[in-house]
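Observations on the model geometry
The chain contents come next:
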Amino acid sequence: MKLSIVVPVHNMVAGNKLRFCLDSLVNQTISDYEIIAVDDASTDESFEVLKEYESKYPWKFKALQSYENRKQGGARNMGMEAASGTWIGFVDSDDYIDSGMYEALYKAAFNNCADLVISGMSFVDGNTFGKSGEYIEKNYFEKETVFEKEDVKKLILGVVGALPYEPDDSRYGVSVCKNIFKRSLLCNEEIKFVSERKIISEDTIFMVDYIKSIKKAVGISGAFYRYRRNDSSLSKS
């Protein structure tokens, strides 16, 4: 199997955001993939919605349930353990993605024999520090950009920070949701998410741990991931 998409879910029925997210996932143009949605002790009907999609798309949708509230990182870890794809992607259940996102990421990974593929991100209704009603598109790469050998160290620096004259606090963005990761490396290096209860930016720690383990990465043009601003969520970029 080419790809596993891991989706942590916690109380997302209101506003139809969960269904909007799941519809964008089941309609991906890439072939041979699975969606692993992990209900993280929801107290609404989120798990019932997940079971509905599992029943409708049994060949590519798995609904898992945690009776303990593991938080986002713990739910992602649970999903990774159940994954069988060569590559793993992450989507948050209040966001959605372009239909061709994973086909583009997988193609770049395959063509470049890469261990990591990074793309851009669109902020719907502004980002955490933006204004309500804004649509902000972040294309971190104008063209396909390969990182290997010493350039991999520069990639780490570009994820955790940026130069003073650059507009954002991260040159390439810290969010894991716009990328794909090789499952074999995650397993071999035992890379997991640290609970957000213990550390604020679990995505940053995950990205740094993973990049330290790779030999080659590629960044591609395209802001495929649609992040919906949620004032109660941690910052993403």
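First, a word on what this report is: a plain description of the structure on this page. (Residues numbered from 1 in each chain as written. Predicted model: local features only at pLDDT ≥ 70, side-chain atom pairs only at ≥ 80, totals over all residues. Heavy atoms only, no water.)

1. Section: the sheet that holds strand S3 (residues 61–66)
The strands making up a sheet associate through backbone hydrogen bonding, with each pair oriented either parallel or antiparallel. In plain terms, the rule: Two strands qualify as a pair provided DSSP detects at least 2 bridges between them. Labels follow the DSSP assignment, with helices taken as runs of H or I lasting at least four residues and strands as runs of E lasting at least two, numbered in each case from the N terminus. The axes are straight lines fitted to the C-alpha atoms, using for helices just the contacting stretch, and the angles between their N-to-C directions are given from 0 to 180°. Whether two residues are in contact is decided by their heavy atoms, any of which lying within 4.5 Å being enough.
Read across the open sheet, the eight strands follow the order S3-S2-S1-S4-S10-S6-S11-S9; overall the sheet is mixed. Looking at the sheet topology across the chains shown, the edges are occupied by S3 and strand S9 (145–148). The mean angle between the axes of side-by-side strands here comes to 20°, regardless of whether they run parallel or antiparallel. Pairing of strand S6 (residues 116–118) with strand S10 (residues 179–182) involves three bridges; the strand directions are antiparallel. From the neighbouring strand, Val117 faces S10, where its bridge partner is Ile180. Sheet contacts for helix H5 (residues 151–160): S6, S9 and strand S11 (216–219); angle to S9, the most-contacted strand, approximately 110°.

2. Re helix H2 (residues 46–56)
Since the α-helix packs 3.6 residues into each turn, any two residues three or four apart lie on the same face. To be explicit about the condition: Burial status follows relative accessibility: with a 1.4 Å probe on protein chains alone, a residue under 20% of its type maximum counts as buried, one over 50% as exposed, and anything between as partly exposed. Of all possible arcs, the one meant is that of the directions from the helix axis to the C-beta atoms.
Listed as buried for H2 are Ser46, Phe47, Val49, Leu50 and Tyr53. Relative to the axis of H2, the buried residues are bounded by an arc of 155° and lie together on one face. In H2, those exposed residues whose orientation departs by more than 90 degrees from the buried face are Ser55 and Lys56. Structurally, H2 contributes buried residues whose contacts are with strand S1 (3–9), helix H1 (17–26), strand S2 (33–40) and S3.

3. Some remarks on the packing of H1 against H2
Our working definition: Note on angle classes: values under 35 degrees are labelled roughly parallel, values over 145 roughly antiparallel, values of 65 to 115 roughly perpendicular, and the remainder oblique. Handedness of a crossing is defined here by the sense of rotation of the near helix relative to the far one, left-handed for an anticlockwise turn of less than a right angle and right-handed for a clockwise turn.
H2 packs onto H1 with a crossing angle of 25° between their chain directions and a minimal axis gap of 11 Å. With respect to each other, H1 and H2 are oriented roughly parallel. Handedness of the crossing formed by H1 with H2: right-handed. Contact residues: Leu18, Arg19, Leu22, Asp23 and Val26 in H1; Ser46, Val49, Leu50, Glu52 and Tyr53 in H2.

Such coordinate-based values are descriptive only and should not be taken to indicate function.
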